[in-house]
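Here's the letter readout for the chains.
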Amino acid sequence: MDIFLQQIINGLVQGSIYALVALGYTMVYGIMGLINFAHGEVVMIGTLVTISVAGFMIKAGMPVMLAGMAGLTAAVLVCMALGWGLERIAYRPLRNAPRLTPLITAIGMSIVLQNVAMIIWGRNYLTFPPLLPKVDFEFAGANFTAVQVIIVAVSALTMGGLLFLVYRTKLGMAMRATSQNPAVASLMGVNINRVIAAAFIIGSALGVLAGIMVGTYYEIAHYQMGFMLGLKAFTAAVLGGIGNLAGAMLGGILLGLIEALGAGYIGDLTGGFLGSHYQDIFAFMVLIVVLMFKPSGLFGEKTGDRA
Amino acid sequence: MLEVTGLRVAYGGIQAVRSITFHVNEGEMVALIGANGAGKTSTLKAIARVLDAAGGDVHFCGEKVTLVAPHDMIRKGIALVPEGRGVFPRLSVAENLAMGAFVRDDKAEIANDLERMYGYFPRLKERETQLAGTLSGGEQQMLAIGRALMSRPKLLLLDEPSMGLAPLMVQKIFEVIRIVAAEGMTILLIEQNAKLALQTSQRGYVMESGEITLTGESAQLLNDPKVRAAYLGE
Amino acid sequence: MQAKLSVVALSIAAVFALGACGQKEEPKPVAAPAAPAAPAPKPEVTVKLGHVAPMTGPQAHLGKDNENGARLAIDELNAQGLEIGGAKVKFELIAEDDQADPKQGTIVAQKLVDAKVNGIIGHLNSGTTIPASKLYSDAGLPQISGSATNPTYTQQGFKTAFRVMANDVQQGKALGEFAAKQGAKSVAIVDDRTAYGQGLADEFKKSAEAAGLKVVATEYTNDKATDFKAILTKIKSKKDDLVFFGGMDAQGGPMAKQMKDLGIKAKFLGGDGVCTPEFMKLGGEATEGQYCSLPGMPLEKLAKGPEFKDKFVKKFNAEIQLYSPYVYDAVMVMADSMKRANSVDPVKYLAEVGKTSYDGVTAKISFDEFGDLKGGAISMYQYKGGKLEYVETIGGSPMDAVKAEVKEAVAEVKDAAKAVAGAATDAAKSAAGSATEAGKEAVKAGADAVKGAADATKAAVEKK
């Protein structure tokens, strides 16, 4: 039982991170029907900027918490600019092109960003400065750290904030209107370009937050870290129903739990036939089964009523 | 109030609107009638800047608005009720109406106007929290008109408000249009239902193959033999 | 098409590069293997040795270290003024960069084959050594690597492939024995599913089980993963004493850290992939007290080690990084084989490489039938206070091998003695007094067995 609880905690933490990244995919997809494959790279760059800035500040003798905040602020600003720049340079000129074109561009941007990061930060793994104090807890035989608690709490708060933004503010309403019918939203006075840019900027900021969580959790970062994280988060978004915010959140957490429980129990369930290296397969099998019965994902709207 | 001079609209190489010139005076309702494909909707879209004109000019209240950004047209005072309603299906009725007032900041006034819309269309009040996508076609048309009015426009552009609706519903909608017009709203109405349009409006233009072929008082046009033969099925 | 063009361009560039190098050399007669002794001035033969290692990229420092090892050996050989086949030989190093990339590795391998070098020293990485070894084998060029540890390299059936360092089979074996020695009773094994990680883990498992350890969990990850909590949680439930990881430092470091987070008390053990400063950097304080292994022995423990170190530091004004002593030995072994064959022709001296018995810096070098170093040593290290500390060396020196055989022989003697005792009691039981004759015979047979065993022991010791 303590092991089961431990796996649930593992999954919840991992899932919170997936959920935050998945929100970035789903926001952009919801508004402009584009899968921004470069989102994982934005997360990566945010993490690396934090390392550089916070690392520099700590070396300069700043208190760790303050350096962390400075790193976070710098990373969020850089990545908001990056998200905005991506949209402005890579996607806006292709707004009316066939859907495949911006998709290919997105993959291209992802490769470009990876290589730029490799040039700036090098090929080696970087260690993330320990921004949070190391405190361990034990509960019913399960161990967890303060970092894990903070990750889950910050994710929940951030997601709550995002839901408030989208469902309770004017900008949020404009975003939803734009996602449903951009031409008419424009007639109502909504500047579509600004709303789309806002989606990119907010999504990027969420991504940075997720990246910093990954950094403080694993204490390492690498120029290729965004790829797998992005892929998993994208899967989570599809699992929950891409374009749907609640879907992305639940999809992320679900994926984290499936992975943890899959890795923990798949060997025992199959009598050792499948080992823990099949944990990804386990996650994708769940995805396939869900999509078989609900092609638009767990919370996805039917595509028919997209105006 | 609205001056359209030599307006042209082209899709690729095909001319949909060939240099038309007309105007709408403040406080009047003008009908633009014509067969399917005559270029009526293109004209309206070009005025509202949903489409780029291929040539010609549009002046509104003396100001040239031919190059204004589409999302700024509503700030200038022009609201379009698009063909096919274009409600936001996954926004509630109230949110759709609120979207109409997107460019306004006066909360109290907006609340007043909301009540006014519910006054025009009591059906919308009943369905206030329902998603717009679940409404009937007629209710969606009501919502689209109400939403456009929420911006307090100076000029209301109506694109085929009767399209695809049951006769009873058409009646109800035109009742409201008449009330709004009577309250002093300037309206440019596009209709395939020429009889209804000419009965409602003061002046009319007849469009054929992208050109204006006939113009005059609505009552006169109603009696014009050519119009009667071509558009009133007589 | 693009790729093909660039390959062509590269080989053209390579040809030009070689041309340029060639011009710098003094004019000399064409390399003629085993040329007959000429009359007045002795003919001089140039022996070209190809050396391959990554000279650019993150492993460039290791590549340079390897090359320096080879240069030191060549300079010493040239200073000795060797004569082979009646001609004075001059060794020359042709150094190539494979960027630690298997594709680039085969490109430069072909270049060296085309340049008609007499032998190959390298490559540095297993990943580049294995594909390149096929080209050298096809060309009949002897190849000695000082650092490629993957067993596959010598298991492909190539007569030309040799290494002067212990392979991962030997390493896995040593790690298993070490685990048992540390008193571990149960172990969980994790590998990263790469050729290196999986290979090492498999060998470790065999050895650990043979040493009496219980493998309580076998889990897997990959060489890109960062999260191991799920598999570690499962491992935690098995309450084992040790976690063995077959993989690299980029995973090992975070894994050690996450073990700590989860409150796993088991020790962490890994191979050379986690025996790096990087492991410590990524694992932080969680690496304290953990163990890892490196093939070979620490230089200061070797008889000729300090001397080599002095020479190296004096010549290059640089510290030894890792493999240069092995590369130095590789060159020496190759030259030694040429001497014994009295020829620098690869076809002729190849057979002699296999028969090598050379007292090198790193070990007494001789090869088994696969071309692997016989009795390759593995050294164990422990992370203490942010440093790697030498613990002990397992296997390796011939003395150890002898000790092992003596131990076996002693065991045989013990068994025989037991048999004697058994026979004696049996005889006593069956013959109740009168049949003393039979008893005597049994005792005699037992004594013979003891004598035989003792002879075997003596023979074994003498053989060494």
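Residues numbered from 1 in each chain as written. Chains lettered and ligands numbered in written order. Predicted model: local features only at pLDDT ≥ 70, side-chain atom pairs only at ≥ 80, totals over all residues. Heavy atoms only, no water.

Explain the state of the cysteines to me, using residue names and the numbers behind them.
Residue and element names in this part refer to chain C. All told, the structure shown has 1 disulfide over all chains when counted by the stated rule. Note that C275 is cross-linked by a disulfide to C292, the S-S spacing being 2.0 Å. Across the S-S bond of C275 and C292 the torsion is about 65°, and the bridge reads as right-handed. Taken together, the residues span a long stretch of sequence, with C275 in the loop between β10 (267–270) and α10 (277–283) and C292 in strand β11 (residues 291–295) at a distance of 17 residues. When sorted by exposure, C275 lands in the same class as C292, which is buried. (Disulfide = S-S within 2.5 Å. Helix = DSSP H or I, 4+ residues; strand = E, 2+ residues; numbered from the N terminus. Buried < 20%, exposed > 50% of the residue type's maximum accessible area, 1.4 Å probe, protein only.)

Go over the interface of chain A and chain B, please, and point to the residues and values.
The interface of chain A with chain B comprises 20 residues on the first partner and 23 residues on the second. Between chain A and chain B, roughly 2000 Å² of surface is buried when both sides are summed, and carbon and sulfur atoms account for 64% of that area. Connecting chain A to chain B are 2 salt bridges. With a shortest N-O distance of 3.7 Å, D105(B) and K170(A) are connected by a salt bridge. One can count 7 residue pairs in polar contact (both at pLDDT 80 or more) joining chain A with chain B. Elements supplying a minimum of two residues to the side of chain A that touches chain B: α6 (170–180) and α7 (182–187) of chain A. Of all the elements, α6(A) adds the most residues to the side of chain A that touches chain B, at 7 residues. Taken together, the residues that form the side of chain A that touches chain B break down as 9 nonpolar, 6 polar and 5 charged. (Contact = heavy atoms within 4.5 Å. Buried area = accessible area lost by both parts, 1.4 Å probe. Salt bridge = Lys/Arg side-chain N within 4 Å of Asp/Glu carboxyl O. Polar contact = N/O pair within 3.5 Å; in protein donor to acceptor, adjacent residues only side chain to side chain. Nonpolar A, V, L, I, M, F, W, Y, C, P; charged D, E, K, R; others polar.)

Just give me the short version of the packing of helix α1 (residues 2–32) of chain A against helix α8 (residues 229–238) of chain C, but keep the residues and values in it.
In the contact formed by α1(A) and α8(C), the axes pass within 10 Å of each other and the chain directions differ by 170°. As the angle between them shows, α1(A) and α8(C) are arranged roughly antiparallel. Counting all contacts with α1(A), which are made through I3(A), Q6(A), Q7(A) and N10(A), the residues of α8(C) involved are K229(C), A230(C), T233(C), K234(C), K236(C) and S237(C). Per-class residue counts for the contact of α1(A) with α8(C) are 2 nonpolar, 5 polar and 3 charged. (Axes fitted to C-alpha atoms, helices over the stretch in contact; angles between N-to-C directions. Parallel < 35°, antiparallel > 145°, perpendicular 65-115°, else oblique.)

Lay out the UniProt feature "transmembrane region" (unreviewed entry) in chain A in plain terms, naming residues and giving numbers.
Residue and element names in this part refer to chain A. In this numbering, the UniProt entry assigns the feature "transmembrane region" (unreviewed entry) to residues 12–35, 42–58, 64–86, 98–121, 141–167, 195–214, 246–266 and 281–300. Secondary structure over residues 195–214 splits into 100% helix and 0% strand, and the C-alpha atoms at its two ends are 28 Å apart. The distance separating the terminal C-alpha atoms of residues 281–300 is 23 Å; by composition the span is 65% helix and 0% strand. (UniProt positions renumbered as here; feature names shortened; annotations may be inferred.)

I'd like a rundown of the sheet that holds strand β7 (residues 186–191) of chain C, residues and numbers included.
All names here are of chain C. One open sheet holds the 7 strands; their spatial order is β8-β7-β9-β10-β11-β14-β15, and the pairing between them is mixed. Of all the strands in the sheet, the pair left with one neighbour each is β8 (214–220) and β15 (387–394). Between one strand axis and the next, the sheet turns by 25° as a mean value, whatever way the strands run. Relative to strand β9 (residues 242–246), β7 runs parallel, the two sharing 5 bridges. Bridging from a neighbouring strand, D191 pairs with G246 of β9. (Pairing = 2+ DSSP bridges.)

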